[in-house]
Amino acid sequence: MHNLTIAELVTGLQSKEFSSVELTQHFLARIAKLDANYNALITVTADQALKAAAAADERLAAGNAPALCGVPILHKDIFCTNGVRTSCGSKMLDNFIPPYNATVVENFEQAGAVVLGKTNMDEFAMGSSNETSFYGPVKNPWASDSVPGGSSGGSAAAVAARLAPGATATDTGGSIRQPAALCGITGLKPTYGRVSRWGMIAFASSLDQGGPMARTAEDCALLLNCMASYDDKDSTCIDREVPDYSATLGDSIKGLKIGVPSEYFSEGLDPDTEKTVRTALAEYEAQGAELVEISLPNTGLSVPAYYVIAPAEASTNLTRFDGVRYGYRCEDPKDLNDLYTRTRAEGFGDEVKHRILIGTYCLSAGYYDAYYGKAQQVRQLIQQDFEKAFEQVDVIMGPTTPSPAFKFGSKGDDPVAMYLEDIYTVATNLAGLPGMSVPCGMVDNKPVGLQIIGNYFDEARMLNIAHQYQQATKWHSLAPEGIA
Amino acid sequence: MSIERQEIEKLATLSRIAIGEDTITEVSERLSSVLELVDQLQAVNTEGVEAMSHPMKATQRLREDEISEINQREAFQAVAPDTEDGLFLVPKVIE
């Protein structure tokens, strides 16, 4: 059952081939047996899952089941879940049990999905390797000595290892697309404002966006149908009708104009990764699409701009963790200042602390204009690059990452080497555009991701484009050794 | 660009994060290497470019000032480190 897609599971549940309780037991057993190898989950919610599955079976029997009724999924541990610990990968929130659900969690509950547990992640979503998690790193199911990517590494590894057919994730600078690429699955970061951020623990509020991960584009469409919604509680959510993302998957892509940015195929890109991505582009040509060489001249500035904006916003967002209202508090504080400074020193890990300090620096008196103001101007230039490109082409394609999964510890000492992992993904967050990663080949037995960048609110077309590729190729259905 | 020890101490105070004497050099090195990366921005000509505040130029919407949530103090305080009589407890501030 774990090799079936969400679309197939929905059909199987509705035609009573198997029940949601059977399905849930099957996945819970896999998690119990296999997750020791991956460390993809922080919390397993077996009791709640079985209860929800039984309720789903009743609705299925009554014939009034909603879209994802009885389908097991996982939530990234950044989404608040009522009554279930939500840690954000941090010691700071190791004891935090939210008294409410995130809107995304609520949406899945309404759709009848069964939540198996919460997935591991880089602390406060700050990382590209899952090495910053308080709960220890997640291992890549394709190579246990390599990282799964981050920050949504737990969700990506769990889907790749068939511990769940789909999972929620978030993307601030590539945190959905990069782990999806490194784990050989499909992941979509929607347009900024498409998915509610209410109850999704904030990292950098002008960049954060939730999205789905699954093995296929068809499954991502099913998940996004439920995840995307307008929400009064998130003031940055855009009030715009949510289309049926499944309805247009079968559309022809003949005549599609694909922009290929020269900056995404330059120095720093692993030659075998490039070859793999070029082969995928040729497959699109074979399907009747046209490749158009384009330029995004400010690409090189996206990482520097991102590493001002993201830490600056994080430094303000993370002031809320003060040891007073919830979360970790240090032992025996001698006064209020000691309570704040020691709680934060002991509760946050090194990467989070460093980013708060950098962000504080960029926002402090005398530096604001030179750093944050300047970065926001450069951001405008980066967005203009995309605007110009979309006058010529329908969609942009390139590699998701410069190379396949790297080994644990290999970028440990140099933060800048790790940050450059995001070189092809951060620009879309800065511009607020949707992006996705689709498995497109293997290098050294590790997956490679093809990145698809769309225009604003063009998720339906991107999913259609990815689905058409997956109809003609098999990369998305490969399983790591020992999984099938 | 490198960050001086004094500057690290100021940032630690501003961010309310205690930094141990033994880690100041390491923190300073890491921050300096990130600043070196972001300093590439300084060379860009951004004269007349408006700072971007929202990708779709959306503005904050307003709503009527009406009560939409009920008070859930007990539920919210159940997760607090220390409370008394509905108040959050912190170490004594005034002697």
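Here the structure is a predicted model, which means the values were calculated and not measured. (Residues numbered from 1 in each chain as written. Chains lettered and ligands numbered in written order. Predicted model: local features only at pLDDT ≥ 70, side-chain atom pairs only at ≥ 80, totals over all residues.)

A closer look at the overall build of chain A
1) Next: In terms of helices and strands, chain A carries 15 helices and eleven strands.
2) Next: Taking 484 residues into account, the globule formula puts the C-alpha radius of gyration at 23 Å, and chain A, at 21 Å, falls close to it.
3) Next: Its C-alpha atoms give chain A principal-axis dimensions of roughly 65 × 55 × 45 Å.
4) Next: Out of the 484 residues belonging to chain A, those deemed buried represent 62%. (Helix = DSSP H or I, 4+ residues; strand = E, 2+ residues; numbered from the N terminus. Rg over C-alpha atoms; globule rule 2.2 N^0.38 Å. Buried ≥ 20, exposed ≤ 12 C-beta atoms within 10 Å, placed from the backbone.)

Looking at the overall build of chain B
1) Next: The helix and strand inventory of chain B stands at three helices and two strands.
2) Next: For a compact globule of 95 residues, the expected C-alpha radius of gyration is about 12 Å, and chain B comes in at 23 Å, more than 25% above that figure.
3) Next: Overall size of chain B, expressed as C-alpha extent along the three principal axes, is 55 × 45 × 25 Å.
4) Next: For chain B, the proportion of its 95 residues judged to be buried stands at 15%.

Digging into helix α1 (residues 5-15) of chain B
1) Next: Residues of α1 of chain B that are buried: L11, A12 and S15 of chain B. Projection of α1 of chain B onto a plane perpendicular to its axis shows the buried side chains occupying an angular sector of 100°, all on one side. Exposed side of α1 of chain B, more than 90 degrees from the buried face: Q6 and E9 of chain B are the residues found there.
2) Next: Summarising the contacts, the buried residues of α1 of chain B are in contact with α9 (302-317) and α11 (350-363) of chain A.
3) Next: Positive phi shows up at R16 of chain B, right after α1 of chain B, with a value of about 55°. (Arc of directions from axis to C-beta. Contact = placed C-beta atoms within 7 Å.)

Brief notes about helix α4 (residues 103-110) of chain A
Residue and element names in this part refer to chain A.
1) Next: Summarising burial for α4: six of the eight residues are buried, a large majority.
2) Next: For α4, the complete set of buried residues consists of T103, V104, V105, E106, N107 and F108.
3) Next: Looking at the packing, one finds that the buried side of α4 touches β2 (72-76), β4 (166-171), β6 (209-214) and α7 (217-227).
4) Next: Among the residues trailing α4, G112 stands out with phi positive, at a value near 85°.

What about the environment of A427 of chain A?
Residue and element names in this part refer to chain A.
1) Next: Counting through the fold element by element, A427 comes out in helix α14 (residues 426-431).
2) Next: Spatially, the C-alpha atoms of A427 and V303 are 7.7 Å apart, while their sequence positions differ by 124 residues.
3) Next: With residues near it in sequence (within four places) discarded, A427 still touches L296, T299, S302 and I382.

Some words on the interface of chain B and chain A
1) Next: The interface is formed by 36 residues belonging to chain B together with 53 residues belonging to chain A.
2) Next: Residue assignment for the side of chain B that touches chain A shows that the elements contributing at least two residues are α1, α2 (24-38) and α3 (73-77) of chain B.
3) Next: Tallying contributions element by element places α2 of chain B first for the side of chain B that touches chain A, with seven residues.
4) Next: Looking at the side of chain B that touches chain A, its residues break down into 26 nonpolar, six polar and four charged. (Nonpolar A, V, L, I, M, F, W, Y, C, P; charged D, E, K, R; others polar.)

Let's talk about the confidence of the model for chain B
1) Next: When the pLDDT values of chain B are averaged, the result is 91; 98% of them are 70 or greater.
2) Next: Scored as a whole, the predicted complex attains pTM 0.97, and scored at its interfaces, ipTM 0.95. (pLDDT = per-residue confidence, 0-100.)

Side note on the nonpolar core
All names here are of chain A.
1) Next: Ranked by internal contacts, the top residues of the largest apolar core, which has 157 residues, are L116, A158, V395 and I452.
2) Next: The element best represented in this core is α9, accounting for nine residues.
3) Next: Filtering out sequence-adjacent residues up to four positions away, L116 remains in contact with F27, L28, I31, V44, T45, A49, P72, I73, L74 and A164. (Core = buried A, V, L, I, M, F, W, Y, C linked by C-beta atoms within 7 Å.)

Some remarks on the environment of A111 of chain A
All names here are of chain A.
1) Next: With respect to the element layout, A111 can be found in the loop between α4 and β3 (114-119).
2) Next: A sequence separation of 42 residues divides A111 from C69, and the C-alpha atoms of the two residues are 6.0 Å apart.
3) Next: Residues contacting A111, with those up to four places away along its chain left out, are P66, A67, L68 and C226.

Quick notes on unusual backbone geometry
1) Next: Across the junction of G150 of chain A and S151 of chain A, the peptide omega takes the value 10°, indicating a cis bond.
2) Next: Of note, R16 of chain B is a non-glycine position whose phi angle comes to about 55°, a positive value.
3) Next: Summarising the element assignment, R16 of chain B is placed in the loop between α1 and α2.
4) Next: Given 20 C-beta atoms within a 10 Å radius, R16 of chain B is considered buried.

Observations regarding the pairing of strand β9 (residues 395-399) of chain A
All names here are of chain A.
1) Next: The element β9 is extensively covered by neighbouring structure, given that five of its five residues are classed as buried.
2) Next: Here two bridges tie strand β7 (residues 257-261) to β9, and the two strands are oriented parallel to one another. The residue bridging I258 from the neighbouring strand is V395, located in β9.
3) Next: The sheet contact formed by β9 and strand β11 (residues 446-454) spans five bridges and is antiparallel. Bridged to G398 within β11 is Q451. (Pairing = 2+ DSSP bridges.)

Observations concerning the packing of α7 of chain A against helix α15 (residues 459-472) of chain A
In a pair of packed helices, the angle between the axes and the distance between the axes together describe the arrangement.
Residue and element names in this part refer to chain A.
1) Next: Between α7 and α15, the least distance of the axes is 8 Å, while the angle of their chain directions is 155°. One element, α7, and the other, α15, form an angle in the roughly antiparallel class. Note on element contacts: α15 touches α7 through E459, L463, A466, H467 and Q470, opposite A217, E218, C220, A221 and L224.
2) Next: Classifying every residue of the contact of α7 with α15 gives six nonpolar, two polar and two charged. (Axes fitted to C-alpha atoms, helices over the stretch in contact; angles between N-to-C directions. Parallel < 35°, antiparallel > 145°, perpendicular 65-115°, else oblique.)

Some details on the packing of α9 of chain A against helix α12 (residues 369-392) of chain A
Residue and element names in this part refer to chain A.
1) Next: Across the interface, α9 lies against α12 with an axial gap of 9 Å and an inter-helix angle of 130°. Relative to α12, α9 is oriented oblique. The interaxial crossing formed by α9 with α12 has left-handed handedness. Contacts between α9 and α12 pair S302, A305, V308, I309 and A312 from the former with Y371, Y372, A375, Q376, V378, R379 and I382 from the latter.
2) Next: For the contact of α9 with α12, the per-class residue count stands at nine nonpolar, two polar and one charged. (Left-handed = near helix turned anticlockwise from the far one by under 90°.)

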